Amino acid sequence: MVSRRITSLTVGAVLGVMALPITAEAQSASAAGQVAQNTDGGADGSELTEVVVVGSHIAARPNITSAAPITSVTSLEIQQSGALNVEDILNRLPQVSPDNQQTYQDSDGAQKINLRRIGFGRTLTLIDGQRVATNIGLDINIIPVAFLERIDVLSGGASAAYGSDAVAGVVNFMLKKEFTGFQVSGNYSLYDHYNQRTIVQPVADKYGIGSPDGQAWDGGRGDFNAAWGGKFADGRLNVRAFADYRRTEPVLYKDRDFSACGLIQSTTDGPLSCQTSTYSKYGYFSPQSGDNAGQVFSNAKNGSQTFVTRDQTYAYNSYQDYYLQRQDERINGGLFLNYDLTDSVELYGSYLISSDTSYNQFRTSRLYSPSTFGESAYNINCNNPLMSAQQQQALCGSLAGTGALMPTEVRYQFDSTAQLKDYYLNENQRISAGFRGKVWDAWHYDVGGVYARFDKTYKPAFENPVYQTQADSLNVVNVNGTPTCAAKVAGTSPNCVPANIFVANGGSQSLVNFYEGGYGGTQEQVGVLWDATVNVNGDLGRYGVTSPLAKDGLAVAFGAEYRKDMENNTVDDAFVSNAGYGSNFKASQSVKEGYIEVQAPLVQDKPFVHLLSAQGGYRWSKYDTNPDTFTTWKIEGTYAPVPDVTLRTSYNKAARAPNIYENNQAIDFTSGGPDICAGSNPTASLAACQLTGVTAAQYGHIKQCDDNACLARQGGFVLDPETAHTLTYGAVLKPSFLPGLTLSADRYLIMIDSSIGFNYDDFYSSSCALFATAYYCSHFNRNPDGSLTSYDTVRGGTPSTGFVTYGNTNNYKTFAEGYDFQAQYLLPVPELGGHLDFDFNGSLSTRTGGQDTPNSLAASCVGYFGPRCNQPFPAWTHNLRGTYIRDGGAYSVSLNWRHISGVTNAANSDDPALGSNAATHVSTFTYIPSYDYFDVAVGYMVNDQISLRLTVNNLTDKMPPIVANSYNISLARSNTIPQVYDALGRMVQMGFTVSF
């Protein structure tokens, strides 16, 4: 993946740097994506192209650069990466914490963005400068890859421009604005991996678990899309439409050498074992009485009706049928239009729709142990016709062949039946509309709005085992040569199906259906966003408002915004019954906002000052869920002593408002712990108890709660927005003696106060007693006599005092610090008849993590994985791509180098904030070395209408790192970390585009 930073963002720089000189068509397409609107803006009255830069509502002007660093990915780079969806693109950016939903067993299929690894909710996502959807319901895969012009990633806060969520930064997806004709495009990719012996195979061998061997081609992903565009009404109306179909075939854990079985390390540096289950296709049979009581048998592996003594090789490989790549099917569609109503008024609108169906597969159905139902055994008749004589003898001994009932422990898994799969359906719709234009030459306006709705449907697969049903299927008699349930003969279970489990891989779908499997009800989550904006920006230089040392005038932007989020979560009775959780939830919240931005060129084209400019912004926000008002702001500056060197800085106060679920905790009373200030000898000091509301006279005389269980209340209090202060500063070099070279380095620092998190009441009680600070002790709400009402006293009531609060609260700090480095070099090579383009994007993280409380240590996970840190956080990542493009665009060849630095097990960090000390050190799985991947992309123009492409990622089929207990690290049970490392092997993709 190549990513370009608009390091010195002017119109000329954007069009010059971003539009690779492949063909004139490519240049015009890139330029079209950059152009936001045209206006008379030159000093000589000439027509200038203005670009709206992400992070500001002020249109960029030819001589004014952006103070905030912006990384951009072009449509060419997207194509070279072989990306079939947006997450494929973003996961390669060093600034983005990778989050590959394709490989999450527990995923719901929706993809969000996590900049700087400080949380999905702290990154704002836009389409053409407008919000995509609610942050909760965001699924960026609604965005059509084939219609992307570029992706802009702004580092640092931008809440003054956009409001809530723009804390770590902003990701703005710019769609193609100009398209005429008809185009069809298709891509198909496979994964190629050579399976071999790893540290997993010796462990798997001990359990008789087979492993794949040799070459594997699988995981096919296909994408086909069609796009059409046309101009009407003398060119005033431009209409574009697209449709896209994508399908992903699953890859199972058992299809790869490194995930042949789930590695478990139960003790520190202990031996490795495979995660197995006593439920298997061979069965588990143990008579509980009689001649062979206590022995354990399984069906013979050769398929005969023979019991053999069971050992660990007859166990089931627990995760073998889990998805390493999820089964997925997605349909996207969209319609866009722009209509120039007059020379000064443009109408615009868009409609996006997507439907994504995916599954999480885990295993087949089971005949459950009687202990699952609180029973000691099933009764199997000793003349069961489904058993052989040998099996009757092994199970019943001297009672074999009789109608006696043998109490037996039985466990069985039906591998020959359909797999159990959780079902996820994500449906998204997004409508944007508005009108924009110019008035009085110096002023531009944009009045628009967004309606976005998401529907998430979740149907968990379930088995509905009932003891009597499964017991009936095991008591089978012979009726005229047909094995028949005794309960069916007796008429107590007329639909009973005999359990033919006395052979390996037995059972049937009809038997599983008799056990009443299926989907365990439905959970549906619906979210809606209404977002209306009014934006006005103007150049006051037209009225003479200009610094005496500058030629460009003061620019301003101001506007207002109204947003409303609504959530409606419903569950049916079957879901609650089978899942054991869930309730209906409905809530909404809205915000009214106003903002102003100012851009002031102070000095231009003077000795030692090519450019000195300042920019500021301020936003006022009032949420209907909070009685207070909140403000965010920014201060930015740019200084270029000469055209070759630009220094820039941006300081922001940003915010993230609590989402609907955080802000609407249902009030719930429960029993907590004892009162730390009760009794004649309280646990807490007088100073601590006074902070909880106890007077000096009451101290030592407060009655303890009944049964030492005081009342605790969740919810019922107001959450404030998280507040962040972000600082970026850096330099841009464009040496005139090396045309085409751009270098940049930027420092970013993000500090979030009042981070929203969840804590229980005992956390506040124990911490208040220990530290005696208001941060903890303010969570006590005492009765007038100083007591905390006991749970029994108020059972069924809703007290206003006498409890400790807990739940979602404003905690302490989250932070991220580091450096971004960027280099581009566009070099004409006439000797080779083309151009060489080099692009480098690297990120060095120096400190990222959090401090939970004022009294805890600040913990940073940079350079570590494992305890406290979970998935690896490499300190250094980069992409370096070199591309040769033949003049005229006949063909191109591109090589990309991706680097991920090594990480250490946090247990060996010797950082007490990560819980590490000499006693925690480990000698196994201590380090994951640095990883280097190489990707190749080749493009070939057959003629003006047909182009072909070939992409190979992970060219060397590099094996991902293998770790035990991987679920604790990556939420994947595949013995690796698929979010960070290429897990499936070498990806080979072929594609074509035909234009008419």
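The structure displayed is predicted, hence computed values, not measured ones. (Residues numbered from 1 in each chain as written. Predicted model: local features only at pLDDT ≥ 70, side-chain atom pairs only at ≥ 80, totals over all residues. Heavy atoms only, no water.)

K.L.:
How would you summarise the pattern of salt bridges if you had to cite specific residues and measurements?
P.N.:
What the rule picks out here adds up to 42 salt bridges. Notably, a salt bridge pairs Arg 619 with Glu 561, separated by 3.1 Å at the nearest N-O pair. Pair noted here: Arg 619 is in strand β36 (residues 609-623) and Glu 561 is in strand β34 (residues 555-571), with a separation of 58 residues, a long-range link. The two residues Arg 619 and Glu 561 agree in class, both being buried. (Salt bridge = Lys/Arg side-chain N within 4 Å of Asp/Glu carboxyl O. Helix = DSSP H or I, 4+ residues; strand = E, 2+ residues; numbered from the N terminus. Buried < 20%, exposed > 50% of the residue type's maximum accessible area, 1.4 Å probe, protein only.)

K.L.:
Tell me what's going on with the nonpolar core, and back it up with residues and numbers.
P.N.:
Of all hydrophobic cores here, the largest spans 38 residues; its most connected members are Leu 90, Ile 143, Ile 151 and Phe 173. Elements supplying a minimum of two residues to this core: α4 (86-90), β8 (148-155), β9 (169-175) and β42 (741-753). When sequence neighbours within four positions are dropped, the list of residues in contact with Ile 143 reads Val 86, Ile 127, Leu 148, Phe 173, Leu 175 and Asn 332. Counting residues in hydrophobic clusters, the runner-up holds 30 residues, among them Ala 394, Ala 471, Cys 496 and Phe 502. (Core = buried A, V, L, I, M, F, W, Y, C linked by side-chain atoms within 4.5 Å. Contact = heavy atoms within 4.5 Å.)

K.L.:
Could you give an account of the packing of aromatic side chains, naming the residues involved and the relevant values?
P.N.:
Inspection of every chain in the model, using the stated rule, returns 45 aromatic pairs. Plain terms: the ring middles of Phe 297 and Phe 307 are 5.8 Å apart, the flat faces sit at 10° to each other, and that makes the pair stacked. Of this pair, Phe 297 sits in strand β18 (residues 297-299) while Phe 307 is found in strand β19 (residues 307-309), placing the two residues 10 residues apart along the sequence. Given the relative accessible area of 6%, Phe 297 is considered buried. Ring centres 4.9 Å apart and planes at 15° place the aromatic pair Tyr 424 and Tyr 458 in the stacked group. Of this pair, Tyr 424 sits in strand β27 (residues 420-439) while Tyr 458 sits in strand β28 (residues 443-459), placing them 34 residues apart in sequence. (Phe/Tyr/Trp six-rings, centres within 6.5 Å; stacked < 30°, edge-to-face > 60°.)

K.L.:
Explain a nonpolar patch on the surface to me, and be specific about the residues and the numbers.
P.N.:
A cluster of nonpolar residues, Tyr 188, Phe 224, Tyr 891, Val 893, Val 938, Tyr 940, Val 942, Leu 948, Leu 950, Met 990 and Phe 992, forms a patch on the protein surface that exposes about 960 Å² of accessible area. At the level of secondary structure, the elements contributing two or more residues to the nonpolar patch comprise β51 (891-900), β54 (931-941), β55 (946-953) and β56 (986-995). Here Phe 992 is to be found in strand β56. (Patch = residues over 30% accessible without salt bridge, like charges linked within 9 Å, V, L, I, M, F, W, Y side chains within 5 Å. Areas by Shrake-Rupley, 256 points an atom, 1.4 Å probe, with all protein chains shown as cover.)

K.L.:
Go over the state of the cysteines with me, naming the residues and quoting the values.
P.N.:
For the coordinates displayed, the defined rule picks out seven disulfides. In this model Cys 261 forms its disulfide with Cys 274; the gap between the sulfur atoms is 1.9 Å. Looking along the S-S bond of the Cys 261-Cys 274 disulfide, the torsion reads about -60°, which is the left-handed sense. Of the two residues, Cys 261 sits in the loop between β13 (251-252) and β14 (263-265) while Cys 274 sits in strand β15 (residues 272-274), which places them 13 residues apart along the sequence. (Disulfide = S-S within 2.5 Å.)

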